[in-house]
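Spelled out from the first residue to the last, the chains are:
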Amino acid sequence: DAKTTQPPSMDCAEGRAANLPCNHSTISGNEYVYWYRQIHSQGPQYIIHGLKNNETNEMASLIITEDRKSSTLILPHATLRDTAVYYCIVRAGVGNSGYSTLTFGKGTMLLVSP
Amino acid sequence: ETGVTQTPRHLVMGMTNKKSLKCEQHLGHNAMYWYKQSAKKPLELMFVYSLEERVENNSVPSRFSPECPNSSHLFLHLHTLQPEDSALYLCASSQEARRGGEKLFFGSGTQLSVL
């Protein structure tokens, strides 16, 4: 699986957009970009994933560059409850195995302040 | 509420004790996982069960013994643990990846302290 690089920490003011970057310059054509977040003392929570096109759901938007070497997770209106560690993971499709072996790195600690 | 329930939420045990962690999922998923998260370290995948069969065992010491009696329940049996085994133990489940992608649903974890 391709390696990802994320800043260790970021700050964001409440109500503003939080833009979390992720570099994955060695990504292969069949690898997806996944984002999860982990609020303190809880289990990680799936946010969004994509392959080539930009994606949006009720939680966030995922912008993937045309060359797919980097991506940005956007929380459009950050709240205090968005304070968490955000993980960017690159992983090929599971094929026929039917189960996941996602590897979590250190992620970005996002602190949303009033 | 993620649909994955772990009990107990906190556990303190001595090195000679035997205890079990329980995980239950109400999502109809057919794969279940145990992860370990030590302080200030990334999550480590310990075990994977797919269709009730263990398919991954990432060099985990034998003092950790998983059990998956059915697709909704997963246990982690603990015996003669060491203080360095103190960590947050997380259970997760997923549906067949071909239909849903690699979406893992995690429980809130069991915070384990070994004295």
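The structure reproduced in this document is the subject of the present report. (Residues numbered from 1 in each chain as written. Chains lettered and ligands numbered in written order. Predicted model: local features only at pLDDT ≥ 70, side-chain atom pairs only at ≥ 80, totals over all residues. Heavy atoms only, no water.)

1. Brief notes about the overall build of chain B
When you go through chain B residue by residue, the secondary structure sums to 1 helix and 11 strands. Element order for chain B, N to C, with α for helix and β for strand: β-β-β-β-β-β-β-β-β-α-β-β. A globule of 115 residues ought to have a C-alpha radius of gyration of about 13 Å, and chain B, at 13 Å, matches this closely. Relative to its full complement of 115 residues, chain B shows a buried share of 46%. (Helix = DSSP H or I, 4+ residues; strand = E, 2+ residues; numbered from the N terminus. Rg over C-alpha atoms; globule rule 2.2 N^0.38 Å. Buried < 20%, exposed > 50% of the residue type's maximum accessible area, 1.4 Å probe, protein only.)

2. Quick word on the packing of aromatic side chains
Going through the model one piece at a time under the given rule, you end up with 8 aromatic pairs over all chains. Aromatic side chains tyrosine 36 of chain A and phenylalanine 104 of chain A sit 5.5 Å apart centroid to centroid with 75° between the ring planes, which places their arrangement in the edge-to-face category. Residue tyrosine 36 of chain A is located in strand β3 (residues 31-38), and its partner phenylalanine 104 of chain A is located in the loop between β8 (84-92) and β9 (108-113); the two are separated by 68 residues in the primary sequence. Take tyrosine 36 of chain A: its relative accessible area is 0%, and that puts it in the buried class. Where tyrosine 87 of chain A meets phenylalanine 104 of chain A, the ring centres are 5.3 Å apart and the plane angle is 90°; that geometry is what we call edge-to-face. Taken together, the residues span a long stretch of sequence, with tyrosine 87 of chain A in strand β8 and phenylalanine 104 of chain A in the loop between β8 and β9 at a distance of 17 residues. For phenylalanine 104 of chain A, a relative accessible area of 3% puts it in the buried group. Feature note: the residues Tyr36, Tyr46, Tyr87 and Phe104 of chain A together with Tyr35 and Phe106 of chain B constitute an aromatic cluster, connected by ring pairs. (Phe/Tyr/Trp six-rings, centres within 6.5 Å; stacked < 30°, edge-to-face > 60°.)

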